[in-house]
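Here is how the chains run, residue by residue.
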Amino acid sequence: DAGVIQSPRHEVTEMGQEVTLRCKPISGHDYLFWYRQTMMRGLELLIYFNNNVPIDDSGMPEDRFSAKMPNASFSTLKIQPSEPRDSAVYFCASSTRRDRGLGSPLHFGNGTRLTVT
Amino acid sequence: AQKITQTQPGMFVQEKEAVTLDCTYDTSDPSYGLFWYKQPSSGEMIFLIYQGSYDQQNATEGRYSLNFQKARKSANLVISASQLGDSAMYFCAMRDFNTGKLIFGQGTTLQVKP
């Protein structure tokens, strides 16, 4: 059973460029989360989806960030234009209500390390 | 609003000893879940243990146990018989069962000394 797949693993870009991070959740999972991890701010929830619908995007830093989930097997997080302060590790995670309902754990991808110079 | 707090930025423990990592939370909802994750230096997030707000017994998973004190709103992780491989960052997380939202604490770095 493939886990959550994120791409790319590493991204280095220049300030002002558009960056797109991709995530494929585990098949059958109905929740998808995007988190950002930095030393200063820890693991911040950016946005999450339930059945492909965005439920809470209050953690998205500003209008430069956008996320979509066009179908159950794919999500993107886009930053346009990127800035050096966006440098972080971005994690995607998915979960299902099977077994324990919302007590089922989130399964994380390996993250995308973004560096904006 | 939900809040989750880990007050210990770093902890040391001697190999084979037990260690407790603290986690307190705040929520007005009666229905929620608490999770602990481990993040080794390689960066992956590894699920360790879960406790539901209505669970009567404290959760245990191998060497991990969760000391759940609902009235005090604390969910401390206890690692027994520490091993060198336990050196990692540990995150406490809370899930709101009304919304499905899951947030993390700031994390605690644990170092196990030989």
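Preceding this paragraph is the structure being described.
First things first, this report covers the structure right here in the doc. (Residues numbered from 1 in each chain as written. Chains lettered and ligands numbered in written order. Predicted model: local features only at pLDDT ≥ 70, side-chain atom pairs only at ≥ 80, totals over all residues. Heavy atoms only, no water.)

1. Side note on the state of the cysteines
Line of reasoning, step 1. Using the criterion set out here, one finds two disulfides over all chains in the structure.
Line of reasoning, step 2. Paired through a disulfide, Cys-23 of chain A and Cys-92 of chain A show a sulfur-sulfur distance of 1.8 Å. Handedness of the Cys-23 of chain A-Cys-92 of chain A disulfide follows from its S-S torsion of about -65°: it is left-handed. One end of the pair, Cys-23 of chain A, is in strand 3 (residues 19-24); the other, Cys-92 of chain A, is in strand 9 (residues 88-95), and 69 residues separate them in sequence. Take Cys-23 of chain A and Cys-92 of chain A: they sit in the same class, and that class is buried.
Line of reasoning, step 3. Note that Cys-23 of chain B is cross-linked by a disulfide to Cys-92 of chain B, the S-S spacing being 2.0 Å. Between Cys-23 of chain B and Cys-92 of chain B, the S-S torsion sits near -65°, and that sign places the bridge as left-handed. (Disulfide = S-S within 2.5 Å. Helix = DSSP H or I, 4+ residues; strand = E, 2+ residues; numbered from the N terminus. Buried < 20%, exposed > 50% of the residue type's maximum accessible area, 1.4 Å probe, protein only.)

2. Brief notes about the pattern of salt bridges
All names here are of chain A.
Line of reasoning, step 1. For the structure on display, the rule yields twelve salt bridges over all chains.
Line of reasoning, step 2. Of the charged contacts, one joins Arg-85 and Glu-62 as a salt bridge, the two residues approaching to 3.2 Å between their closest N and O atoms. Taken together, the residues Arg-85 in the loop between strand 8 (74-79) and strand 9 and Glu-62 in the loop between strand 6 (53-56) and strand 7 (65-71) connect sequence positions 23 residues apart.
Line of reasoning, step 3. Glu-62 sits in the partly exposed class, given a relative accessible area of 27%.
Line of reasoning, step 4. Across the pair Glu-83 and Arg-85 runs a salt bridge, and its minimum N-O distance is 2.6 Å.
Line of reasoning, step 5. Linked by salt bridges that have partners in common, Glu-62, Arg-64, Glu-83, Arg-85 and Asp-86 make up one network. (Salt bridge = Lys/Arg side-chain N within 4 Å of Asp/Glu carboxyl O.)

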